[in-house]
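Listed here are the chains, written in short residue letters.
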Amino acid sequence: MTAPLSSLLSTIRSLETKYHRTPNSVKLLAASKAQSSEKILTLYQEGQRVFGENYLQEAIAKMPELPNDIEWHFIGPIQSNKTRKIAEHFSWVHSVSSLYIAKRLNDQRPLNLAPLNICIEVNISEENTKSGVMQNELLSLAKECLLLPQLTLRGLMCIPAPSTDLLTQRKSFHAVSALFESLRNDGINIDTLSMGMSDDLEAAIAEGSTMIRVGRALFGERKK
Ligand SMILES: *Cc1c(COP(=O)(O)O)cnc(C)c1O
């Protein structure tokens, strides 16, 4: 039996070929919310280094039990009373959706650490979720984030409304991809398009994702 990690990595490589993407241009983030340290360590031993967590308390309980060269990404909703610990414990935050949160992360990022990498979460399926910035607010938020010295703006993230139809999925991702290109055309130097999860990673790769965040396809179904 092929381990889920190696089989997922070969799926990613074949989707890159299928959609004429540069080889190895899509990175894999293992979304490890609700997974034990043991399961995370198993993937680590198979070579995975990038893990994403949604819940601060859960994440900082697991971190000391795991190797310290793991690159931790915060991918969940951010409450303002959690920003200090997030800024102290993570290398990346994917879910920045206001200047208020960005400023707190900047001010609370310890000066002895490299700047915190951030993605701005874009609200693409307005009916589904209230998280993420509206498209018309994106450019000004991106410009403000560039002024914050303890943050490095890396790109955009999105979580579209679930759909089982490939073309519907692609439509949402295409819209975010277009926003990404338009920021780059405005001279904003970003390299990361964080989109795609277990059920829509093919559509995301087709539309230019550079980082897919995969949970269930790697770990199996989460316990409720
Ligand atoms: C849980 C989660 C994922 C992974 O979802 P799966 O469907 O398990 O692959 C990705 N991104 C975010 C923001 C998540 O909360």
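Refer to the structure above for everything that follows.
Each value, and the rule that gives it
- Residues numbered from 1 in each chain as written.
- Predicted model: local features only at pLDDT ≥ 70, side-chain atom pairs only at ≥ 80, totals over all residues.
- Heavy atoms only, no water.
- Helix = DSSP H or I, 4+ residues; strand = E, 2+ residues; numbered from the N terminus.
- Rg over C-alpha atoms; globule rule 2.2 N^0.38 Å.
- Buried < 20%, exposed > 50% of the residue type's maximum accessible area, 1.4 Å probe, protein only.
- Contact = heavy atoms within 4.5 Å.
- Areas by Shrake-Rupley, 256 points an atom, 1.4 Å probe, with all protein chains shown as cover.
- Lys, Arg positive; Asp, Glu negative; His and termini not counted.
- Charge placed at Lys NZ, Arg CZ, Asp CG, Glu CD.
- Near = heavy atom within 4 Å.
- Polar contact = N/O pair within 3.5 Å; in protein donor to acceptor, adjacent residues only side chain to side chain.
- Disulfide = S-S within 2.5 Å.

> Explain the overall build of the protein chain to me, using residue names and the numbers behind them.
Counting secondary structure elements, the protein chain contains nine helices and eight strands. Relative to the 2.2 N^0.38 estimate, which gives 17 Å for 224 residues, the radius of gyration of the protein chain is 17 Å and therefore close to what a compact globule would have. Its C-alpha atoms give the protein chain principal-axis dimensions of roughly 50 × 40 × 30 Å. Per-residue burial for the protein chain yields a buried fraction of 50% across its 224 residues. When contacts within the protein chain are restricted to residue pairs at least 6 apart in sequence, long-range pairs at least 24 apart make up 55% of them. When the accessible surface of the protein chain is split by element, carbon and sulfur atoms take 52% of a total near 11100 Å². Across the protein chain, 25 positive and 24 negative side-chain charges occur, with their mean positions spaced 2 Å apart.

> Describe in detail unusual backbone geometry, supporting the description with residues and values.
Backbone geometry at His20 places phi at a positive 55 degrees, although glycine is not the residue there. Position of His20 relative to the elements: it lies in the loop between α1 (4–18) and β1 (27–31). One non-glycine residue with positive phi stands out, namely Ala34, at about 65 degrees. When you line up the elements, Ala34 lands in the loop between β1 and α2 (37–45).

> Please set out the site of the ligand residue by residue, giving values where relevant.
Residues in contact with the ligand, as listed here, are Ala31, Lys33, Asn54, Ile75, Ile159, Met197, Ser198, Arg213, Val214, Gly215, Arg216 and Arg222. Measuring from an oxygen atom of the ligand, one finds a side-chain N or O atom of Lys33 at 2.7 Å. A distance of 2.7 Å is found between an oxygen atom of the ligand and a side-chain nitrogen or oxygen belonging to Asn54. When isolated, the ligand has an accessible area of 390 Å², and the protein chains bury 93% of it.

> Quick rundown of the environment of Pro64? Include the residues and the values.
Mapped onto the elements of the fold, Pro64 is located in the loop between α3 (56–62) and β3 (71–74). According to the relative accessible area criterion, Pro64 is exposed, its value standing at 66%. Sequence separation of Pro64 and Met211 is 147 residues, and the distance between their C-alpha atoms is 25 Å.

> How would you explain the state of the cysteines if you had to name every residue and give the values?
For the structure shown, the criterion picks out zero disulfides. The closest cysteine sulfur to the non-disulfide-bonded Cys145 is located on Cys119, 11 Å from its own sulfur. When its relative accessible area of 0% is taken as the criterion, Cys145 is described as buried.

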